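The primary structure of each chain is shown beneath.
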Amino acid sequence: MSKKILFLPKYPRMGASSRLRTYQFLPSWKKAGYEVKVSPFFNEFYLKEKYIGQGVTKSNVLASYLNRFWILMGFWKYDLIWVEKELFPFFPAWAEWVLSKLGKGYVVDYDDAVFHRYDMARRQIVRKWLGKKIDGVMRHANIVWAGNSYLGNWATKAGAKRVVILPTVIDPERYSMKEYTSSYPVVVGWIGSPTTLKYLNEIRPILEKLSKELDVLIQVVGGNRDWKFDGKLNLIPWTEEGEVSAIQGMDIGVMPLPDDPWEKGKCAYKLIQYMACGLPVVASPVGMNVDVVVHGENGFLAKTQEEWYGYLKMLILDGELRREMGGKGFELVKERFTVEGNFELILKELRILNEE
């Protein structure tokens, strides 16, 4: 069994994908007796610039590449190298190929359809030069951890040696059922980042209409402060410490998505968070959303604007239905989407790998 692990996430803890796929598992690794080192590619300064949306400092990006190169020079010190997505963004998979030929190789983790960043890039040179890059990263890896079946199927077609579906999960010690009340207004909520707030625009007209027709408050956690909304709105800055209480302040959780290739790689984490707090949900039937939402039991899948309006209005007007659906979602998360469950699966797969 491996004892020294080098984790190479894309972001520091501030980045959602890295926080959920790497950092929240570190206590489990340490408790199991592993020695771990974590070296993110980008730093917090890069993320803050990215979220502001005013460009990034090129010298800082260059330093990120140099730091990753330096860290990889010590690959031989580790029993397992765990890569998030890729070693060097927008660079061929040469480093992954070298690792696959030296030492014990690496495993790679995906919770986004990052391959579409290359094969569907606007620039032809990127599509031509890097269009098949992630296929190579997957093919050279000892294990591909895939956040959902869309990502897993892609890895299989790319020729990956072993593909394991590893959903994005929550730490149940941080989450608990909200206290249900019959008070108004009913709070319809969304949680995310400034870069994903664009998805909420898919149903903004519906939310504005409901806000005017009924006693409804729209709560947005982690979006831009200048998001335009014609109705009752509560904007809350996202913090890791405050995200659970912010969700518990909602009555209904929403996750709209367009039915596009990139979104099919999403891992429904918002829905899992909502359900972990006992909220009913309404979501687009895209990607992993259809695996998490049991339509009519723990929430609704809405394809059209009319369905979004109808399902949200139904939940807004029926407090008992919200309570019933929220309870079923809570049970689903406890059964299928916890850190403990994922960690057991990870250890099982690594044992098999070491025995081969």
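Residues numbered from 1 in each chain as written. Predicted model: local features only at pLDDT ≥ 70, side-chain atom pairs only at ≥ 80, totals over all residues. Heavy atoms only, no water.

### What about helix α9 (residues 149-158)?
Leu151, Gly152, Ala155 and Ala158 are the residues of α9 that are buried. Considered in projection along α9, the buried side chains sweep an arc of 125 degrees and stay on one side of the axis. Turned more than 90 degrees off the buried face of α9, the exposed positions are Thr156 and Lys157. Looking at the buried residues of α9, the elements they touch are β4 (107-110), α8 (133-140), β5 (143-146) and β6 (163-165). Capping the start of α9, asparagine 148 holds a side-chain oxygen 3.1 Å from the backbone nitrogen of tyrosine 150, two or three residues further along. Following α9 by one or two positions, glycine 159 has its phi on the positive side, about 95 degrees. (Buried < 20%, exposed > 50% of the residue type's maximum accessible area, 1.4 Å probe, protein only. Helix = DSSP H or I, 4+ residues; strand = E, 2+ residues; numbered from the N terminus. Arc of directions from axis to C-beta. Contact = heavy atoms within 4.5 Å. Polar contact = N/O pair within 3.5 Å; in protein donor to acceptor, adjacent residues only side chain to side chain.)

### So, the sheet that holds strand β2 (residues 35-38)
Here six strands make up an open sheet; going across it, the order is β2-β1-β3-β4-β5-β6 and the pairing parallel. Looking along the sheet, the strands with just one partner apiece sit at the ends: β2 and β6. The average undirected angle you get between the axes of adjacent strands in this sheet is 20 degrees. With three bridges joining them, β5 and β6 adopt parallel strand pairing. Within β6, the residue paired with valine 144 across the bridge is valine 163. Against the sheet, helix α17 (residues 339-355) touches β3 (80-84), β5 and β6, its axis set at about 165 degrees to β5. (Pairing = 2+ DSSP bridges. Axes fitted to C-alpha atoms, helices over the stretch in contact; angles between N-to-C directions.)

### Looking at the packing of aromatic side chains
Inspection of the entire model under this criterion finds 19 aromatic pairs. With centroids separated by 5.0 Å and ring planes inclined at 80 degrees, the aromatic side chains of tryptophan 29 and tyrosine 34 adopt a geometry described as edge-to-face. The two residues tryptophan 29 and tyrosine 34 agree in class, both being buried. Consider the rings of phenylalanine 88 and phenylalanine 91, whose centres lie 6.5 Å apart with planes at 65 degrees: the pair is edge-to-face. Phenylalanine 88 gets classed as buried once you look at its relative accessible area, which sits at 10%. Among the aromatic residues, those joined into a cluster by ring pairs are Tyr11, Phe41, Phe42, Tyr46, Tyr65, Phe88, Phe91 and Trp94. Residue placement shows lysine 3 over the ring face of tyrosine 34; its charged tip is 5.3 Å from the ring centre. The ring of tyrosine 309 has lysine 209 lying over it, and the distance from NZ or CZ to the ring centre is 4.4 Å. (Phe/Tyr/Trp six-rings, centres within 6.5 Å; stacked < 30°, edge-to-face > 60°. Lys NZ or Arg CZ within 6 Å of the ring centre and 35° of its normal.)

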